[in-house]
Amino acid sequence: MNIVVAMKQVPDLQQVRIRNREPVFTDVPLVLGNIDKNALEAAVAIKESGDANVIALSAGNEDVEDTIKEALAAGADEAFLVLDDKLNGAESGVVAQVLAAAVKKIDDVGLILFGEGSGDNYSGQVGSRVAELLGLPQVAYASALELKGDKALVTRSLEDCTEIVEVTLPAVVTVLSDINEARIPSVTQILKAGKKPKEVLELDEVGVKIPPAASVVTVSNLAPETERKRIVVKSVAELIQSLTTEGVIGR
Amino acid sequence: MATFMIYSSKEKQALELITAAKSVGAAAVKAVCINDEAQANALAAAGAEVLLINNDAISLADVAAVASALGQVAAQLGADTILLSSDRRGKEAAGRLAAILDAGCLTDISAIKANGDKIECQRNALGGATVATQYIASDKKIIAIRPKTFDAPGAGSGSVNAMTVDVKASAVKLIETKTRGGDSVDIEAAEALVVVGQGLNSKDDLPAVEALAKKLGGEVACSKPVATDKKWLSEERIVGLSGKKCKPELAIILGISGQVQFTVGIRDAKVIVAVNSDENATINGMADYILTADMHDVIKEMNSSL
């Protein structure tokens, strides 16, 4: 059985700086989304306890070919990539179509895993969209995942409760970061990653056309203005006095 | 004029969506309820035209069925603007419904505003470092709005009508539901928050933190690792991108460096105090009062002074 893990290349958010309220992406390295790595770890854990082949799937610009090595080092057996510069910053609907078309080209897919949200946009739509496009059942927000024959037992963690659901494979599951701790690959694994098989397709080959008009338009994307006093106080006594003057303690 | 349809599995959030729709000019609000007559009546009493689906084949655990039902109702109503709650169930359904309707979709929306015929939406982007203002340009629009963004509407006179939909046999079976036990704290409602992070030495220091929160008339909250890695506090108390977004009058932030994934959850507080042993901690940049000291000493001294 193949387990497909959909992974997104994102800028390393820890290194994005804000200048004049605008995010600056110059020289920011590209990495795989953090929660995507938990999805990969969940797949690798299933592989290690049974029999499965883990395929890291990604759609994006040419840089993905390099970024995906991180996944191959962390346990993916092969990579399936749809690369086109037109996919740079592509919106959720388009990415979902590309991923769904790519999954159709892979045989014997039992499970398609996603992080619950991407590292940069975190809108959490793509997993659900792909499931619908492929006509597959889904369970999102998984905090535990276990295979049982042709079914998966998934714990879905909601705000006020958790549900244990049984879903018939093939299925789409999106995972929470709490599901596991993603491994950090060793140097040997990183060196071997470059030799693992990679299938690279172009956008035309999966038959997806990027629509001329965007369905979501961004008017602005700015850091919120923070006007804070930033008063350095020397002691707890001084702090308490200030907070009393503010009227926020001793009410 | 847009035709609005709303849906949430939760009554409180569905009520908020009625207010949301009206805030951007909806003359009439159509609301879908699935296997929940009580919610249907509550929404009708708030002025919504409710379409109630009673169908045992639809389980909320099977989002494919829920999205399919919503898609069928939207088609019958000619609804083009669909508001969902951006809780986990709502977000899971949003993407699926967007694929069914070929709709543009925005989730985690914290504010909406009509601008001409556009609905401008605000959401956190880049892990909370920025706030994006976006609108959906496609004919069909799905907007998932964060809970508590809007108040419940006043009374109105709506209606409840039955609606039938066809759903496929489910491939998702609910085995068990476990209610989150124990902690029912609502840190979003607290006037004051004492927020602890990884600077906290041990679980044994928590009673002193709780005592301080009590003296301030507030609650204890924490950064994500304190709850998910150390498990010293419940997940209900997490502040940040993957937790709660709080707007207390006073936030005392103790031993937290101030990564944006955390600060996004507290930056709307009226007064922010940062206590950190590192005078260059990022958190100091967003604080009104900065005290460079060991958080444990500060807790002890505040407890004896207040």
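To keep things clear, this report deals only with the structure shown in the data block. (Residues numbered from 1 in each chain as written. Chains lettered and ligands numbered in written order. Predicted model: local features only at pLDDT ≥ 70, side-chain atom pairs only at ≥ 80, totals over all residues. Heavy atoms only, no water.)

The helix and strand tally for chain A stands at 7 helices and 15 strands. Across the 251 residues of chain A, 53% fall into the buried class. At a minimum sequence separation of 6, the contacts of chain A that also span at least 24 residues come to 68%. Accessible surface for chain A amounts to roughly 11,500 Å². Of this, 48% is attributable to carbon and sulfur atoms. (Helix = DSSP H or I, 4+ residues; strand = E, 2+ residues; numbered from the N terminus. Buried < 20%, exposed > 50% of the residue type's maximum accessible area, 1.4 Å probe, protein only. Contact = heavy atoms within 4.5 Å. Areas by Shrake-Rupley, 256 points an atom, 1.4 Å probe, with all protein chains shown as cover.)

Secondary structure summary: chain B contains 8 helices and 16 strands in total. Seen through its C-alpha atoms, chain B measures out along the principal axes to roughly 65 × 45 × 35 Å. Out of the 306 residues belonging to chain B, those deemed buried represent 57%. Carbon and sulfur atoms provide 45% of the accessible area of chain B, an area that totals close to 12,100 Å². A distance of 3 Å separates the average location of the 32 positive side-chain charges in chain B from that of its 37 negative side-chain charges. (Lys, Arg positive; Asp, Glu negative; His and termini not counted. Charge placed at Lys NZ, Arg CZ, Asp CG, Glu CD.)

Every contact between the two is made by 69 residues of chain A and, on the other side, 76 residues of chain B. Counting each side, the surface lost to burial between chain A and chain B is near 6,400 Å², with a carbon and sulfur contribution of 53%. For the pair chain A and chain B, the interface holds 6 salt bridges. The partner of E163(A) in a salt bridge is R89(B), with the nearest N and O atoms 2.3 Å apart. (Buried area = accessible area lost by both parts, 1.4 Å probe. Salt bridge = Lys/Arg side-chain N within 4 Å of Asp/Glu carboxyl O.)

Another aspect to go through is helix α4 (residues 92–104) of chain A. Since the α-helix advances by 3.6 residues per turn, residues separated by three or four positions end up pointing in the same direction. Residues and elements named next belong to chain A. Helix length check: α4, at 13 residues, gives a terminal C-alpha distance of 18 Å against a target of 18 Å (1.5 Å per residue), a fit within 8%. α4 sits mainly inside the fold: 11 of its 13 residues count as buried. Of the positions making up α4, those classed as buried are S92, G93, V94, V95, A96, V98, L99, A100, A101, A102 and V103. If you follow the buried residues of α4, they end up packed against β1 (2–6), β6 (53–60), β7 (78–83), β8 (109–115) and α5 (126–134). (Expected span 1.5 Å × (residues − 1).)

If you walk across this open sheet you meet the 4 strands as β14(A)-β8(B)-β7(B)-β6(B), and the pairing is antiparallel. If you trace the sheet from one side to the other, it starts and ends with β14 (216–222) of chain A together with β6 (111–115) of chain B, each paired once. Put simply, the sheet's adjacent strands are angled 25° from each other on average, direction ignored. As paired elements, strand β7 (residues 118–125) of chain B and strand β8 (residues 130–136) of chain B share 5 bridges and run antiparallel to each other. Counted as the bridge partner of R123(B) is A132(B) from β8(B). (Pairing = 2+ DSSP bridges. Axes fitted to C-alpha atoms, helices over the stretch in contact; angles between N-to-C directions.)

Right, let's talk about empty space enclosed by the protein for a bit. All names here are of chain B. For the structure shown, the criterion picks out 2 cavities of 30 Å³ or more. Computed from the structure, the largest cavity encloses a volume of approximately 70 Å³. Residue lining of the largest cavity: Y7, S9, L60, V63, V66, R89, E92 and A93, and that is the complete set. Of all the secondary-structure elements, those providing two or more residues to the lining of the largest cavity are α3 (63–77) and α4 (88–101). (1 Å grid on protein atoms, 1.4 Å probe; cavity = no way out; pocket = protein on both sides within 12 Å on 5 of 7 lines; lining within 4 Å. Points joined across faces, edges and corners; volume = space filled by probe spheres on them.)

The next subject is the packing of aromatic side chains. The final tally for this structure, using the stated rule, is 0 aromatic pairs over all chains. The positively charged end of K91(B) is found above the aromatic ring belonging to Y122(A), 4.6 Å away from the centroid. The ring centre of Y135(B) lies 5.2 Å from the NZ or CZ of K118(B), which sits over that ring. (Phe/Tyr/Trp six-rings, centres within 6.5 Å; stacked < 30°, edge-to-face > 60°. Lys NZ or Arg CZ within 6 Å of the ring centre and 35° of its normal.)

Below, the discussion takes up the sheet that holds strand β12 (residues 192–196) of chain B. The strand order across the open sheet built from 6 strands is β15(A)-β16(B)-β15(B)-β14(B)-β12(B)-β13(B), with neighbouring strands paired in parallel fashion. The open sheet has two edge strands, β15 (231–232) of chain A together with β13 (219–222) of chain B, and neither has a second partner. Sheet analysis places β12(B) next to strand β14 (residues 250–254) of chain B, joined by 5 bridges and oriented parallel. The partner of V194(B) across the bridge, within β14(B), is I252(B). The sheet strands contacting helix α8 (residues 295–305) of chain B are β12, β14, β15 (271–276) and β16 (289–292) of chain B, and the helix crosses β14(B) at an angle near 140°.

Turning to helix α2 (residues 37–45) of chain B, its buried residues number three or more, namely Q39(B), A40(B), A42(B), L43(B) and A44(B). In the core, the buried residues of α2(B) are packed alongside α1 (11–23), β2 (29–34), β3 (49–53) and β10 (159–163) of chain B.

Applying the stated criterion across every chain, the model contains 0 disulfides over all chains. In this structure C161(A) is a free cysteine whose sulfur lies 19 Å from that of C33(B), the closest cysteine sulfur available. Here C121(B) is not cross-linked by a disulfide; its sulfur's nearest cysteine counterpart is in C105(B), at 10.0 Å. The class of C121(B) is buried, set by a relative accessible area of 0%. (Disulfide = S-S within 2.5 Å.)

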